[in-house]
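The primary structure of each chain is shown beneath.
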Amino acid sequence: MTGPSFEDLARFANRTRARSSAAAMSRRSLLRGATAGGLAVAGAGLLSACGVQGHVVPPGAKATGQAGKDYSDTEKKVVWATWPAYIDIDDKHPDKRPTLDAFVKESGIQVDYLEIINDNNDFYTKVDPYLVKGIDTGYDIMVVSDYMVAKYRTYDYLQELDLANIPNHDKMLPSVLKDPTDPGRRFSVPWAYGFTTIAYNSKLVKQPITSVAEIFTRPDLHGKVSLFSEMEDTAALALLALGHDPEKFTDAEFNEALEYIRKAKSSGQIRAFTGNDYLSDFQNGNTAVTMAYSGDVAQLGIDYLVTVNLPKEGLLAWSDNCVIPNFARHKTNAEKLLNYYLQPDVAAALDDYIDYVPVVDGAVAALQQLDPDTASSPLIVPTKEMEAKAHGFMALTIAQLNDYTSRFQQTIGQ
């Protein structure tokens, strides 16, 4: 099975779309710029979310979340907590956000768009004290990653969406509506879908990488590999390399993956385990191979891209999602905003800018009209082969999540 052609990726990489420095950063990366040489993308997969099983509802709470007084009729506003550089920006006027500005003009609802989330867990620790006490967090919408949706739901911290206010809800693709973290999407609306690739600098790596296992063991890559410090990312990659399914594995298989990672680290095969700053070493040539998020790869201002066969083991997938916390003051207004972004033309305009995968029916066609070069990139509109290689991460209980994360962090020394 082959991946996208060199011509497809090269054509996309050489597109000329001006961007401000702020817009050149994706949600999962704080750095952007040109690499020293060519970049090779080794595979991808369409998304399937990971999740947390075992919904434990606190005493007295309702499984559909808890509503506060909704002031939407008298206070025409929405307070939105999100990540930096996660929305379209006018290149000539960086203070303008075209899709959001159009919603404000159309609806009369003012939006406080707050780029205040830089880490899922850090943000959770900020809002948890309010939610556990039954107090409004001050936010009407929060953007959180797939596994965190499950964690919030475990504690019944999210309100069920009123679909009467979101008639475009059924425009989400069937695969998105079947998300295991939130079946039927009754508590979340995806903001960005992406996948995790293996990227390498083709000027530093002469032999193509065709297998995930190669980055853990190949001698010519010794000391040149960067993996993510997030447990779900790197543990899943190790599971794939060992021939295990990251969507369904045993404790023994997880332990085997940890030992696999430990050996690669202790031998010096792995140079670093990094977070949002992973592109810095990669762009400076300190690492030749790195795990990479698709939006980052798509936005890199490089001269050319090459690709190889999809890694035989497959690769990883994730999503970030809009949710409405308990006691939100403007729930109806927030739902109207979510409905707006589920329009194909609006979704296409957003994905054209942030370079993630369209999840609304009709958005790909709209993207093809809006920006054919972007629509031709398999990093944004994946091929069927990529879709077939998708892997999420197994749903975990809170106890499992805490245990696996703790032991992973000990393994990588963080």
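An unreviewed UniProt entry lists the protein chain under the name PotD/PotF family extracellular solute-binding protein, with Streptacidiphilus alkalitolerans as the source organism. According to the UniProt record, the Subcellular location (unreviewed entry) comment for the protein chain reads "Periplasm".

Another point: the overall build of the protein chain. For the protein chain, the helix and strand inventory stands at 16 helices and 10 strands. Counting only residues that meet the buried cut, the protein chain has 57% of its 414 residues in that class. Across the protein chain, the fraction of contacts at a sequence separation of at least 24, relative to all contacts at a separation of at least 6, is 82%.

Summed over all chains, the structure comprises 21 aromatic pairs. Here Phe103 and Tyr340 contribute two aromatic rings whose centre-to-centre distance is 5.3 Å and whose plane-to-plane angle is 50°, an arrangement assigned as tilted. You can see Phe103 sitting in helix H2 (residues 98-107) and its partner Tyr340 sitting in helix H11 (residues 331-341), a full 237 residues away along the chain. Both residues of the pair, Phe103 and Tyr340, count as buried. Among the aromatic side chains, those forming a connected cluster through ring pairs are Trp80, Phe103, Tyr113, Trp191, Tyr340 and Tyr341. The positively charged end of Lys69 is found above the aromatic ring belonging to Tyr71, 5.3 Å away from the centroid.

Another point: helix H13 (residues 363-370). Within H13 the residues assigned to the buried category are Ala363, Ala366 and Leu367. When H13 is viewed along its axis, its buried side chains cluster within an angular range of 100° and face the same direction.

Moving on, we come to the side chain of Ser145. Among the structural elements, Ser145 can be located in strand S4 (residues 141-145). Given a relative accessible area of 2%, Ser145 falls into the buried group. Here Asn120 takes part through its side chain, which lies 2.9 Å from a polar atom of the side chain of Ser145.

If you trace the backbone, Thr287 turns up in the loop between helix H9 (278-283) and strand S8 (289-293). Contact partners of Thr287, with chain neighbours within four places excluded, come to Leu204, Lys224, Val225, Ser226, Arg271, Asp281 and Phe282. A distance of 3.3 Å separates a polar side-chain atom of Thr287 from the backbone nitrogen of Phe282.

Judged by nonpolar contacts, the single largest core of 107 residues is most densely connected at Trp80, Tyr152, Trp191 and Phe216. For Tyr152, the residues in contact, after removing those within four places along its chain, are Phe123, Tyr124, Val127, Leu131, Met142, Val144, Tyr157 and Leu158.

Moving on: the pairing of strand S3 (residues 110-115). In terms of strand pairing, strand S2 (residues 77-82) meets S3 through six bridges, oriented parallel. Counterpart to Ala81 in the pairing with S3 is Leu114. Between the parallel pair S2 and S3, the chain is carried across by H2, and the sense of this crossover is right-handed.

How each quantity is defined
- Residues numbered from 1 in each chain as written.
- Predicted model: local features only at pLDDT ≥ 70, side-chain atom pairs only at ≥ 80, totals over all residues.
- Heavy atoms only, no water.
- UniProt positions renumbered as here; feature names shortened; annotations may be inferred.
- Helix = DSSP H or I, 4+ residues; strand = E, 2+ residues; numbered from the N terminus.
- Buried < 20%, exposed > 50% of the residue type's maximum accessible area, 1.4 Å probe, protein only.
- Contact = heavy atoms within 4.5 Å.
- Phe/Tyr/Trp six-rings, centres within 6.5 Å; stacked < 30°, edge-to-face > 60°.
- Lys NZ or Arg CZ within 6 Å of the ring centre and 35° of its normal.
- Arc of directions from axis to C-beta.
- Polar contact = N/O pair within 3.5 Å; in protein donor to acceptor, adjacent residues only side chain to side chain.
- Core = buried A, V, L, I, M, F, W, Y, C linked by side-chain atoms within 4.5 Å.
- Pairing = 2+ DSSP bridges.
- Right-handed = clockwise from strand over helix to strand, strands pointing away.

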